[in-house]
Amino acid sequence: DYLLADSILRSGRVILPIYFDQILNNGPLEEILPHSIFTEGAQLGHVNVYLDDDGVYRSVRLIDHYQQHDWPHFSLAAYEVAHNAMAPLTEELAYIRFVNRGTDFKRYSFVDVITGEVDLAEFYQKKVFVGVTSTSIGDPLITSVSQNGMQMAAVDINANIYQMLNQQ
């Protein structure tokens, strides 16, 4: 944990997720933040999902509000870190224009990366989104581009939102 926290601090280009949740069934809604040793050098962005009435994820709150905080979406925070500038927003709610269906993104197994099977040069000058893609343990969602009931991993959705912002 301390090595990871130190790496995050030294990088200054890491975005970590936050979300709102009810910890207890009848308890109040709370901000769920990463442990403080990780947040010192990181940007934070929300990963809250608001599905339409039919259960499909079509739009994203680029800014989400909780009490006195305005949280950028995770992908918006990534855009701002990558461009070292605020994104030109006209709306806080945006329909997601999916660039691809998620499987088109270049993927690497975490195990292959940490065991040296993947040359780290692959990540040089790249924007890297880290997340779970296995449907058995991940957080897949039905999107407007889902076909035959196939769900898209949240990490792929976030990468699509980033690309949407990047392409304005």
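Whatever comes next refers back to the structure up there.
Just so it is clear, the structure is predicted and the values come from calculations on it, not from any experiment.

Conventions used here
Every chain is numbered independently, its residues counted from 1 as its sequence is written. Reporting of local features is limited, given that this is a predicted model, to residues whose pLDDT is at least 70; pairs of side-chain atoms are given and counted only at 80 or more, and all residues count toward the totals for whole chains, interfaces and linings. Hydrogens and waters are ignored; side-chain quantities use all the structure's heavy atoms. Each axis is a line fitted through C-alpha atoms, and for a helix only the stretch in contact is used; angles between axes span 0 to 180 degrees, taken between their N-to-C directions. Put simply, DSSP H or I for four residues or longer makes a helix, DSSP E for two residues or longer makes a strand, and each gets a number counted from the N terminus. Here roughly perpendicular refers to angles of 65 to 115 degrees, roughly parallel to angles under 35, roughly antiparallel to angles over 145, and oblique to all remaining angles. A clockwise turn of the near helix away from the far one marks a right-handed crossing, whereas an anticlockwise turn of less than a right angle marks a left-handed crossing. Throughout, a contact is declared for two residues whenever any of their heavy atoms are within 4.5 Å. Residue type decides the class: Asp, Glu, Lys and Arg count as charged, Ala, Val, Leu, Ile, Met, Phe, Trp, Tyr, Cys and Pro as nonpolar, and the leftover types, Gly among them, as polar. Patch membership requires over 30% relative accessible area and the absence of a salt bridge. Like charges are linked within 9 Å, and nonpolar side chains (Val, Leu, Ile, Met, Phe, Trp, Tyr) within 5 Å. We get accessible surface area from the Shrake-Rupley algorithm with a probe of 1.4 Å; when it comes to residues, only the shown protein chains can shield them. A carboxyl oxygen of Asp or Glu within 4 Å of a side-chain nitrogen of Lys or Arg is what we treat as a salt bridge. Three labels apply to residues, based on accessible area from a 1.4 Å probe with only protein chains included: buried if under 20% of the type maximum, exposed if over 50%, partly exposed otherwise in between. Put simply, buried Ala, Val, Leu, Ile, Met, Phe, Trp, Tyr and Cys residues joined by side-chain atoms within 4.5 Å make one nonpolar core. When DSSP locates at least two bridges between a pair of strands, those strands are taken to pair.

Peer 1: A description of the packing of helix α3 (residues 74–83) against helix α5 (residues 154–166) should follow, citing residues and the corresponding values.
Peer 2: It is at 8 Å that the axes of α3 and α5 come closest, and there the two elements cross at 50°. As judged from the angle between their axes, α3 and α5 are oblique. Seen along the crossing, α3 lies across α5 with a hand that is right-handed. Contact residues: α3 offers Phe 74, Ser 75, Leu 76, Ala 78, Tyr 79, Ala 82 and His 83, while α5 offers Asn 158, Ile 161, Tyr 162, Leu 165 and Asn 166. Here the contact of α3 with α5 is composed, by residue class, of eight nonpolar, four polar and no charged.

Peer 1: Which residues make up a nonpolar patch on the surface, and what values do they have?
Peer 2: Where nonpolar side chains cluster on the molecular surface, the patch consists of Phe 110, Val 111 and Ile 114 and spans about 340 Å² of accessible area. Mapped onto the fold, Ile 114 is located in helix α4 (residues 110–114).

Peer 1: Outline the pattern of salt bridges, supporting the account with residue identities and numerical values.
Peer 2: Two side chains that carry opposite charge are able to pair once their charged atoms sit near each other. The tally for this structure, following the rule as stated, stands at six salt bridges. Across the pair Asp 52 and Arg 58 runs a salt bridge whose closest N-O atoms are separated by 2.8 Å. Residue classification places Asp 52 among the partly exposed positions, given a relative accessible area of 26%. A salt bridge links Asp 156 to Arg 107, with the shortest nitrogen-to-oxygen separation between them at 2.5 Å. Here Asp 156, found in helix α5, pairs with Arg 107, found in the loop between β7 (93–95) and α4; they are 49 residues apart in sequence, far enough to count as distant. A residue is classified by how much of its surface remains accessible, and Asp 156, at 6% relative accessible area, is buried. A relative accessible area of 38% places Arg 107 in the partly exposed class. A single salt-bridge network, built from bridges that share partners, covers Asp 52, Asp 54 and Arg 58.

Peer 1: If you had to explain the nonpolar core to someone new, which residues and values would you point to?
Peer 2: If you look at soluble globular proteins, the nonpolar side chains tend to sit buried side by side. Membership of the largest hydrophobic core comes to 22 residues, with the highest contact counts inside it found for Tyr 57, Val 60, Leu 62, Ile 96, Ile 157 and Ile 161. Looking at this core, the element that brings in the most residues is α3, giving six residues. When near neighbours in sequence (up to four residues on either side) are disregarded, Ile 96 contacts Tyr 57, Arg 58, Ser 59, Val 60, Ile 157, Ile 161 and Met 164. Counting residues in hydrophobic clusters, the runner-up holds 10 residues, among them Ile 8, Ile 18, Ala 42 and Tyr 66.

Peer 1: Can you explain the pairing of strand β6 (residues 69–72)? Please cite residues and give values.
Peer 2: Bridge analysis of strand β5 (residues 63–66) against β6 gives four bridges, and the strand direction is antiparallel. Each residue of the ladder has a partner; that of Tyr 66, found in β6, is His 69.

Read these as geometric descriptors, not functional statements.
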